[in-house]
Structures are given as C-alpha cells and as structure tokens.
Amino acid sequence: MPPPKPATLAEIRAAAAEAAAAAAITRALATHSTPSEAAASFGCTLAHLRRAAERAGVPWPPRGPGRPRSPER
C-alpha cells in the first residue's frame, strides 16, 4: 500500500484552522532546503506559498546574497 498523499495547503486550511496551516508552512520551510521545494511539497507555486505564509503570520526565510551586478559600461 503506497504512503498517503500529502495534503495540499488548501485542504489543510479547509479542514483545520489557520493555525494548522501556519504549522504546516513552518514545518515545510524547516524541512526543505529551499522555499521552492517547500512550495512543491504542497503542490503550489512559490508566490502562493509566500502569500499563504503572510496570511498565516509565518515569517518568510531571508534570501541569501544574490549575484553581484555587472559594472556599467
């Protein structure tokens, strides 16, 4: 018997409360190495997960330094 399919973010929020969604988002962000992987685990886009985190009051992880700008020519 295959393992149960992970619940989507919408299913978690519909079945429980915002607190359950906040706990699930926090756990996914801590478990996965990138926010994109956490979003994929819920079957949603990164933008969707970020908006859901804002609504639930979950702090978004800071981004690392980006690529340096190229000098003006």
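Residues numbered from 1 in each chain as written. Predicted model: local features only at pLDDT ≥ 70, side-chain atom pairs only at ≥ 80, totals over all residues. Heavy atoms only, no water.

Looking now at the overall build of the protein. Of the regular secondary structure elements, the protein holds four helices and zero strands. The order of α-helices and β-strands along the protein, N terminus first, is α-α-α-α. Evaluated residue by residue, the protein yields a buried proportion of 22% over its 73 residues. At a minimum sequence separation of 6, the contacts of the protein that also span at least 24 residues come to 47%. Looking at the protein as shown, the accessible area adds up to about 5,700 Å², and 59% of this sits on carbon and sulfur atoms. (Helix = DSSP H or I, 4+ residues; strand = E, 2+ residues; numbered from the N terminus. Buried < 20%, exposed > 50% of the residue type's maximum accessible area, 1.4 Å probe, protein only. Contact = heavy atoms within 4.5 Å. Areas by Shrake-Rupley, 256 points an atom, 1.4 Å probe, with all protein chains shown as cover.)

Within the secondary structure layout, W60 lies in the segment after α4 (46–56). C-alpha separation for the pair W60 and L49, spaced eleven residues apart in sequence, amounts to 9.8 Å. Those residues in contact with W60 that sit more than four places away from it in its chain are L29, P35, L46, L49, R50 and A53.

Our focus in this paragraph is the nonpolar core. If you look at the biggest cluster of nonpolar residues, it comprises 14 residues, and the most contacted ones within it are L9, I25, L29, F42, L49 and V58. Sort the elements by how many residues they give to this core and helix α2 (residues 18–31) lands first, with five residues. Setting aside its immediate chain neighbours within four residues, I25 contacts L9, F42, L49, A52, A53 and V58. (Core = buried A, V, L, I, M, F, W, Y, C linked by side-chain atoms within 4.5 Å.)

Now for the packing of α2 against α4. The geometry of α2 relative to α4 is characterised by a closest axis approach of 9 Å and an angle of 130° between their N-to-C directions. If you check the angle between α2 and α4, you find them oblique. In the crossing of α2 with α4, the sense of the turn from one axis to the other is left-handed. In contact with E18, A22, I25 and L29 of α2, α4 contributes L49, A52, A53, R55 and A56. A class-by-class count of the residues in the contact of α2 with α4 yields seven nonpolar, no polar and two charged. (Axes fitted to C-alpha atoms, helices over the stretch in contact; angles between N-to-C directions. Parallel < 35°, antiparallel > 145°, perpendicular 65-115°, else oblique. Left-handed = near helix turned anticlockwise from the far one by under 90°. Nonpolar A, V, L, I, M, F, W, Y, C, P; charged D, E, K, R; others polar.)

For an α-helix, 3.6 residues make a turn, and residues three or four places apart therefore share a direction. Those residues of helix α3 (residues 35–42) that sit buried are A38, A39 and F42. Buried residues of α3, viewed axially, fall in a sector of 100°; they line one side. G43 lies just past α3 and shows a positive phi near 75°. (Arc of directions from axis to C-beta.)

Next up on the list: the confidence of the model for the protein. Detailed reading of the predicted model is not advised wherever pLDDT is low. Model confidence for the protein is summarised by a mean pLDDT of 83, while 84% of its residues fall at 70 or above. When mean pLDDT is compared element by element in the protein, α3 scores highest at 93, while helix α1 (residues 9–15) scores lowest at 69. (pLDDT = per-residue confidence, 0-100.)

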